[in-house]
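Close look at the chain arrangement
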Amino acid sequence: MSELKNDRFLRALMKQPVDTTPIWIMRQAGRYLPEYREVRAKAGGFMDLCENADLACEVTMQPLERYDLDAAILFSDILTIPDAMGLGLYFAEGEGPKFERPLKTLADVQKIAIPDPEDELRYVMNAVRTIRKELNGKVPLIGFSGSPWTLATYMVEGGTTKDFGKVKGMMFSNPQAMHLLLDKLAQSVTSYLNAQIAAGAQAVMVFDTWGGVLSDEKYEEFSLRYMQQIVSGLTREADGRKVPVTLFTKGGGRWLEKMAATGCDALGLDWTQDISQARQRVGDAVALQGNMDPSVLYAEPEVIKSEAKKVLDGFGEGPGHIFNLGHGIHQHIDPDKVNVLVDSVHEYGKTS
Ligand code: CP3
C-alpha cells in the first residue's frame, strides 16, 4: 500500500501534534454537489451508486477534488446491514429510506442472520478496495457503520420516524426481542467494520444518530452497551498503524464520559454541545470531532469564518481536535461555502 501523504487526521485522532487542525465533513459526498446529482441521476438510484464500486469511488473522490479535505469517507450507507439481513431497503422519493419487511415480533428477530461481509456486503468491501487504490495515499479513508440502536430504529419502524413509537414499544414491552436484535446487530457491525479495515479503511466511525432519544438508563442498556461490544471487538491496528475508532451519538452530550470509557479513540460532538466543556470533561481520554452547526453554512463567508474560529478557540490549544460539522451537511448549501470553511480552519488552525 502506498505511503500516506497527509496523516493529520489520523494523528489528531491519536492526539498527536499536527501542523494545523484537520477537517472533513459528514455527508461530504452528497446532494449539495451538482456533480454528485449528475452521477446519481445517471446511476438510477442511490443504492445503484453504493453497489457499483467505480461509481461509489467516483462520488467519494468528488469533494476531495473541490476542497482541501484531510480525509475521505467511504460512499455507502448505514442501512446496508439491515438490507443484507433481508429487510428489503428502498428509497421512496422525498421520503427517505424504507424497509419492505420491518421487524415486528421476536420470531422476526430470531429469523434474521448475521451477514457475511465478503458475501452479501462484498460490494461495500469492493468499494473500499477501489477507493483506497484511487486515493493512492492522498488522505486516509474512513469506514463506517450505524450503531445497533440506530439500525434497530429503522428496522423496527420500517423507515424514518418522529416519535420512535414502534422501536421504543418493542424496547419496553419486549426487551428480550430488542436485546436479541441489538446483539445480532453488534456482531454484524463488528465483522462489517473489521472487513472494511481488512479491505483498507484506515479509521472507522460508528453513527449513533438516534441514541439521543433515550433516557440515561435506556441509553446505557440499549445503545452504549452494544457500541462497547463493537469497540471491544474491533481490529485496532492494520499495516503497522493504529486504526482509530470514533463514536458519535447525536444528542449524546450527557454521556460523553461514559462513551469515552468504552475505549474508543475519539467522540463526535453535535453542535448543541460546548466543545470546551466537552474537552474539560473527556479531553485526556479521547480526541474530539466537531462541532459547528451545519446551518452556519447558509450564512455569508465572514460569519462562517467567525463561527469556525469559535469552535477552534473553544477546543483551544494542543492536539486532539478534528474539525467537522455537528451533523451532516444540508443539501441546499452553496458548495463554494465549503471552500471558505475548509480554508479558514486550516489557516486559523495553525495557531490554535
Ligand atoms: O458522509 C458521507 O459523505 C458518506 C456517506 C454517508 C451516507 N449516509 C450517504 C447518503 C453516510 C456516512 C451515511 C450515514 C447515514 N445514513 C446515517 C448516519 C449519519 C446521519 O446522518 O445521522 C443515517 C441515519 C443514514 C440513513 C439515511 N440514508 C437517510 C436518513 C437517508 C435519506 C436522507 C435524505 O435526506 O433523503 C439516506 C440516504 C443517503 N445516504 C444519501 C446519501 C448521500 C442521500 C441519497 C440521495 O438521495 O442521493
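As shown above, the structure is provided for reference.
In this text the structure is predicted, and so the values were computed from the model without any measurement. (Residues numbered from 1 in each chain as written. Predicted model: local features only at pLDDT ≥ 70, side-chain atom pairs only at ≥ 80, totals over all residues. Heavy atoms only, no water.)

**Thoughts on the pairing of strand E11 (residues 321–325)**
Test applied: Each residue gets one of three labels from its accessible area relative to the maximum for its type: buried under 20%, exposed over 50%, partly exposed in between, using a 1.4 Å probe on protein chains only. Helix and strand assignments follow DSSP, with helices taken as H or I runs no shorter than four residues and strands as E runs no shorter than two, numbered in order from the N terminus. Think of it this way: DSSP has to see at least two bridges between two strands before they count as a pair.
Burial of E11 is extensive: 5 of the 5 residues sit out of reach of the surface. Of the two faces of E11, both are covered, the one formed by His321, Phe323 and Leu325 as well as the one formed by Ile322 and Asn324. The sheet contact formed by strand E10 (residues 287–292) and E11 spans 5 bridges and is parallel. For Met292, the partnering residue across the bridge sits in E11 and is Leu325.

**Considering the nonpolar core**
Going by this rule: We define the nonpolar core as a collection of buried residues of types Ala, Val, Leu, Ile, Met, Phe, Trp, Tyr and Cys that are connected through side-chain atoms lying within 4.5 Å of one another. Any two residues having at least one pair of non-hydrogen atoms within 4.5 Å are treated as being in contact.
By size, the foremost hydrophobic cluster in this structure holds 123 residues, and its most contacted members are Met178, Leu181, Leu267 and Leu341. At 12 residues, helix H10 (residues 175–199) tops the list of elements feeding residues into this core. Those residues in contact with Leu341 that lie beyond four places of it in its chain are Ile23, Ile25, Met292, Leu297, Ile304, Ala308, Phe323 and Leu325.

**Digging into the packing of aromatic side chains**
The line we're drawing: Aromatic rings from Phe, Tyr and Trp, with only the six-membered ring used for Trp, were paired whenever their centres fell within 6.5 Å, and each pair was classed as stacked if the ring planes differed by under 30 degrees, edge-to-face if by over 60, and tilted otherwise.
Tallied over the full model, the rule gives 7 aromatic pairs. On the numbers, 6.3 Å between centres and 85 degrees between planes, the contact of Phe207 with Phe248 is edge-to-face. With Phe207 in strand E5 (residues 203–208) and Phe248 in strand E8 (residues 245–249), the pair connects residues that are 41 residues apart, well separated along the chain. Summarising the burial analysis for this pair, Phe207 and Phe248 share the class buried. On the basis of an interplanar angle of 10 degrees and a centroid distance of 3.8 Å, the ring pair of Tyr219 and Trp255 is categorised as stacked. One end of the pair, Tyr219, is in helix H11 (residues 216–233); the other, Trp255, is in the loop between E8 and helix H12 (256–260), with 36 residues separating them in the sequence. A single burial state applies to Tyr219 and to Trp255, both of which are buried.

**Section: the packing of helix H7 (residues 122–135) against H10**
Each packed pair of helices is defined by two parameters, the angle between the axes and the distance between the axes. What counts here: An axis is simply a line fitted to the C-alpha atoms; with a helix, the fit covers only the stretch in contact. Between two such axes, the angle follows the N-to-C directions and lies from 0 to 180 degrees. Throughout this description, any angle smaller than 35 degrees is read as roughly parallel, any larger than 145 degrees as roughly antiparallel, any in the 65 to 115 degree range as roughly perpendicular, and the remainder as oblique. Left-handed describes a crossing in which the near helix is turned anticlockwise from the far one by less than a right angle; the clockwise case is right-handed. Throughout, the ten residues Ala, Val, Leu, Ile, Met, Phe, Trp, Tyr, Cys and Pro are labelled nonpolar, Asp, Glu, Lys and Arg are labelled charged, and all others, Gly among them, are labelled polar.
As a packed pair, H7 and H10 sit with axes 8 Å apart at the nearest point and diverge in direction by 30 degrees. With respect to H10, the element H7 is oriented roughly parallel. For the pair H7 and H10, the crossing hand works out as right-handed. Contacts between H7 and H10 pair Val124, Met125, Val128 and Arg129 from the former with Tyr192, Ala195, Gln196 and Ala199 from the latter. For the contact of H7 with H10, the per-class residue count stands at 6 nonpolar, 1 polar and 1 charged.

**Some words on unusual backbone geometry**
Cis geometry is found at the peptide bond from Gly290 to Asn291, where omega equals -5 degrees. Looking at the secondary structure, you find Asn291 in strand E10. The backbone of Asn136 shows a phi angle near 50 degrees, a positive value even though the residue is not glycine. Here Asn136 is to be found in the loop between H7 and strand E4 (141–146). For Asp239, which is not glycine, the phi torsion reads 50 degrees and is therefore positive. Of note, Asp239 is situated in the loop between strand E6 (237–238) and strand E7 (241–242). For Asp239, a relative accessible area of 66% translates into the label exposed.

**Concerning the pattern of salt bridges**
How we decide: Between Lys or Arg on one side and Asp or Glu on the other, a salt bridge is scored when a side-chain nitrogen of the former is within 4 Å of a carboxyl oxygen of the latter.
Throughout the structure, instances matching the rule amount to 17 salt bridges. Between Glu95 and Lys98 there is a salt bridge whose closest N-O contact spans 3.1 Å. In this structure Glu95 comes out as partly exposed when scored by relative accessible area, which is 47%. Classification of Lys98 by relative accessible area gives partly exposed; the value is 24%. When the shortest N-O distance is used, the salt bridge between Arg236 and Asp265 registers 3.0 Å. With Arg236 in the loop between H11 and E6 and Asp265 in the loop between H12 and strand E9 (266–268), this residue pair connects regions lying 29 residues apart in the sequence. Taking relative accessible area as the criterion, Arg236 reaches 22% and is therefore assigned partly exposed. Each of Arg8, Asp19 and Asp70 takes part in one network of salt bridges that share partners.

**Describing the site of the ligand**
Test applied: The nearness test applies per residue and asks whether one of its heavy atoms lies within 4 Å of the molecule or strand. We define a polar contact as two N or O atoms separated by no more than 3.5 Å, with the added condition that, inside protein, one atom must be a possible hydrogen donor and the other a possible acceptor, whereas residues neighbouring each other in sequence contribute only through side-chain atom pairs. Here, Shrake-Rupley sampling with a 1.4 Å probe gives the accessible areas, and only protein chains in the shown set may cover a residue.
If you check the shell around the ligand, you find 21 residues, and the closest are Arg27, Arg31, Tyr36, Arg40 and His327. Contact between the ligand and Arg31: an oxygen atom at 2.4 Å from a side-chain N or O atom of the residue. Relative to its unbound accessible surface of 890 Å², the ligand loses 88% to contact with the protein. Grouping the amino acids of the shell around the ligand by side-chain chemistry returns 13 nonpolar, 4 polar and 4 charged.

**Topic: helix H14 (residues 301–315)**
What counts is decided by this rule: Take the number of residues in a helix, subtract one, and multiply by 1.5 Å to get its expected span. What the arc covers is the set of directions going from the helix axis to the C-beta atoms.
With 15 residues, H14 should reach 21 Å at 1.5 Å per residue; the first-to-last C-alpha distance of 21 Å fits that figure. Looking only at H14, the buried set comprises Ile304, Ala308, Val311, Leu312 and Phe315. Each buried residue of H14 sits inside an arc of 95 degrees when the element is viewed along its axis, so together they form one side. Seen from the open side of H14, the exposed residues pointing more than 90 degrees away from its buried face are Glu302 and Lys310. Just downstream of H14, Gly316 is the residue with a positive phi angle, here 90 degrees.

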